[in-house]
Amino acid sequence: AELACIAITDHDVVDGIEPVMAAAKPHGLEVIAGIELSSEQNGKDIHILGYGFNYKKSPLVDKLVAIQEARMDRIKKMIEKLKGLGVDNITFEEVAGKTHSNAVGRPHLAAALMEKGWVSSLKAAFDKYIGEDGPAYFTKYNQTPFEAIKLITDSGGVAVMAHPMHTQRDELIAPLVKAGLGGLEVYYPNCSETVVKFYKNLAKKHQILATGGSDAHGSAKTHTYVGKTQIPYELAEQLKCAINNNKNK
């Protein structure tokens, strides 16, 4: 993908960071440690990215155990809801077997639904059953974006609101900035220049970082892939500078 620097921001898990750093080192590819934390405000999923935190020992790492347990419990409850809808041949063990970590999620359940013939695609699984308005939906770990931001900053990292154009909760940006939000994910796949410019101006207005990412999820998101969205390297330098400033506080 001709990238000089990448960030690993898996959902609610840090297991992928060190293997990627090891794989990238011989190629001179720079890797920034990261995470995408689940949170919720007024029934709406809001994802908060964390960059540069201590991924070996920190309050965030300690909290991940509870978050991952909640993730597993959530999938079990969604499977029970599916049974009530007549989808009775999917087990938790099958779904959990689709990930190499404890961060089991809806894409893994969607894959199971597709394999068993209940839907024709991953998108259809979300649309018909497990999307936010779906009959088998169940909420994530009970954490607000304010708590997620504090967890990241207390662990030495920089907190960034993921894909605000997708989340559509712009009214939260100002209070989140007051709570320590350090950036907005301005550059995102399949967005128009108008949308990018809008969030770039919002980041400038609040004097926070503009970041970007491909939001690649493997086969779970066929419309994007690693490197689809690229940003100027100077933005990565600004992010690293902010991380260093946090560590020196």
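Residues numbered from 1 in each chain as written. Predicted model: local features only at pLDDT ≥ 70, side-chain atom pairs only at ≥ 80, totals over all residues. Heavy atoms only, no water.

1. A look at the pattern of salt bridges
For step 1, the next point in the chain: Applying the stated criterion to the full structure yields 11 salt bridges.
For step 2, the next point in the chain: In this structure, Asp-73 engages Lys-77 in a salt bridge whose closest nitrogen and oxygen atoms are separated by 3.1 Å. You can see Asp-73 and its partner Lys-77 sitting in helix α2 (residues 59-84), 4 residues apart, about one turn around the helix.
For step 3, the next point in the chain: Taking the relative accessible area as the measure of exposure, Asp-73 reaches 34% and is therefore partly exposed.
For step 4, the next point in the chain: Given the relative accessible area of 36%, Lys-77 is considered partly exposed. (Salt bridge = Lys/Arg side-chain N within 4 Å of Asp/Glu carboxyl O. Helix = DSSP H or I, 4+ residues; strand = E, 2+ residues; numbered from the N terminus. Buried < 20%, exposed > 50% of the residue type's maximum accessible area, 1.4 Å probe, protein only.)

2. Let's talk about the pairing of strand β7 (residues 183-187)
For step 1, the next point in the chain: Burial runs high along β7: 5 of the 5 residues are buried.
For step 2, the next point in the chain: As paired elements, strand β6 (residues 158-161) and β7 share 2 bridges and run parallel to each other. Of the residues in β7, the one forming a bridge with Val-160 is Gly-183.
For step 3, the next point in the chain: With 4 bridges joining them, β7 and strand β8 (residues 209-212) adopt parallel strand pairing. (Pairing = 2+ DSSP bridges.)

3. Overview of the nonpolar core
For step 1, the next point in the chain: If you look at the biggest cluster of nonpolar residues, it comprises 38 residues, and the most contacted ones within it are Leu-37, Leu-60, Leu-184 and Val-186.
For step 2, the next point in the chain: Those residues in contact with Leu-184, other than ones at most four positions away along the chain, are Val-160, Met-161, Pro-164, Ile-173, Tyr-199, Leu-202, Ala-203, Ile-208, Leu-209, Ala-210 and Thr-211.
For step 3, the next point in the chain: In this structure, Ile-90, Ala-110, Tyr-129 and Ala-136 belong to the second largest nonpolar core, which totals 21 residues. (Core = buried A, V, L, I, M, F, W, Y, C linked by side-chain atoms within 4.5 Å. Contact = heavy atoms within 4.5 Å.)

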